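This is what each chain is made of:
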Amino acid sequence: MLFCGDLTILLLGLAFHCFLLQKIENRYATALAGHRAAILFNLNLVVRLMRIIEVKEDKKQYLDLLLLADEQENMIDRYIDKGKMYVLDDNGVKCECIITDEGNDVLEIKNIATVPDYQGKGYAKSLIDFIVEKYREQYAILQVGTGDSPLTIPFYEKCGFVRSHIIPNFFTDNYDHPIYEDGVQLVDMVYLQRSLSW
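Note that the structure is a prediction, hence the values are computed from the model and not measured. (Residues numbered from 1 in each chain as written. Predicted model: local features only at pLDDT ≥ 70, side-chain atom pairs only at ≥ 80, totals over all residues. Heavy atoms only, no water.)

Asks: What exactly am I supposed to notice about unusual backbone geometry here?
Replies: Peptide bonds are mostly trans, and most non-glycine residues show a negative phi. Positive phi, close to 50°, is recorded for Asp58, a residue that is not glycine. Phi is positive for Asn91, close to 60°, though the residue is something other than glycine. Mapped onto the secondary structure, Asn91 falls in the loop between strand 3 (84–89) and strand 4 (93–103). (Helix = DSSP H or I, 4+ residues; strand = E, 2+ residues; numbered from the N terminus.)

Here it is in structure tokens:
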């Protein structure tokens, strides 16, 4: 049997317990949304949420972003419709990627670009990590072709790619103007690959 004093102590205990739970909930807020999320916590209640979304229609709405990686639109037209496109949204689209099935268990990154103000913050690597996990069971190799540039080759190597082969004169033969990156004219296409089996 509970007496008035016992009931008061019990109610005070419950109230204190609820107060503590609320404090914990406020300090460590958790948010989950979409099919892919990356969540960071801190004591100031800042929650960072990244979603990766497949774009199935109106891919050209991201043309400005696509042109950062491939600056000639008719070259983008060669793969945009046959490829699968993903965008990384972190309070607005920050990065995009188009991949194509090249046959023989090879998946190729045809275009990947990050909004300039957000480059170097890990968005492209997060998108590559997503592609690797999503397609690990369907393909043996993930490959990417790029110019022989000190900006791009080290990035892909940090993502686990190794040099595979080159296509000589790809940029000079296929583009209607010289392509420069970091002051270097791009001539050959350098292919890098990484295994999806590990």
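Read on, since the account is not over.
Asks: What is the right way to read the packing of aromatic side chains from this model?
Replies: Each aromatic ring pair is described using two quantities: the centre-to-centre distance and the angle formed by the ring planes. Going through the model one piece at a time under the given rule, you end up with eight aromatic pairs. Judged by centre distance (5.7 Å) and plane angle (25°), the rings of Phe171 and Tyr175 are stacked. In this structure Phe171 comes out as buried when scored by relative accessible area, which is 9%. For Tyr175, a relative accessible area of 11% puts it in the buried group. (Phe/Tyr/Trp six-rings, centres within 6.5 Å; stacked < 30°, edge-to-face > 60°. Buried < 20%, exposed > 50% of the residue type's maximum accessible area, 1.4 Å probe, protein only.)

Asks: Quick question: what am I supposed to make of the environment of Gln185 here?
Replies: Tracing the backbone through its elements, the reader meets Gln185 in strand 9 (residues 184–185). If we ignore the near neighbours within four places in the chain, the residues touching Gln185 are Thr172, Pro178, Ile179 and Tyr180. (Contact = heavy atoms within 4.5 Å.)

Asks: Sorry if this is basic, but what is going on with the pairing of strand 3 here?
Replies: Each regular strand shows side chains that alternate between the opposite faces of the sheet. Here strand 3 lies mainly inside the structure; five of its six residues are buried. Bridging between strand 3 and strand 4 involves six bridges; their strand directions are antiparallel. What sits directly across from Asp89, in strand 4, is Val93. Between the end of strand 3 and the start of strand 4, which pair antiparallel, lie three residues, with Asn91 showing a positive phi angle near 60°. (Pairing = 2+ DSSP bridges.)

Asks: Is there a simple way to explain the pattern of salt bridges in this structure?
Replies: Two side chains carrying opposite charge are able to pair once their charged atoms lie near each other. Tallied over the entire structure, the rule returns seven salt bridges. For Glu133, the salt bridge identified is with Arg136, shortest N-O distance 2.8 Å. When its relative accessible area of 44% is taken as the criterion, Glu133 is described as partly exposed. For Asp148, the salt bridge goes to Arg163, with nearest N and O atoms at 3.3 Å. Note that Asp148 is positioned in the loop between strand 6 (141–147) and helix 5 (153–158) and Arg163 in strand 7 (residues 162–167), a separation of 15 residues in sequence. (Salt bridge = Lys/Arg side-chain N within 4 Å of Asp/Glu carboxyl O.)

Any functional reading would require information that these geometric values do not contain.
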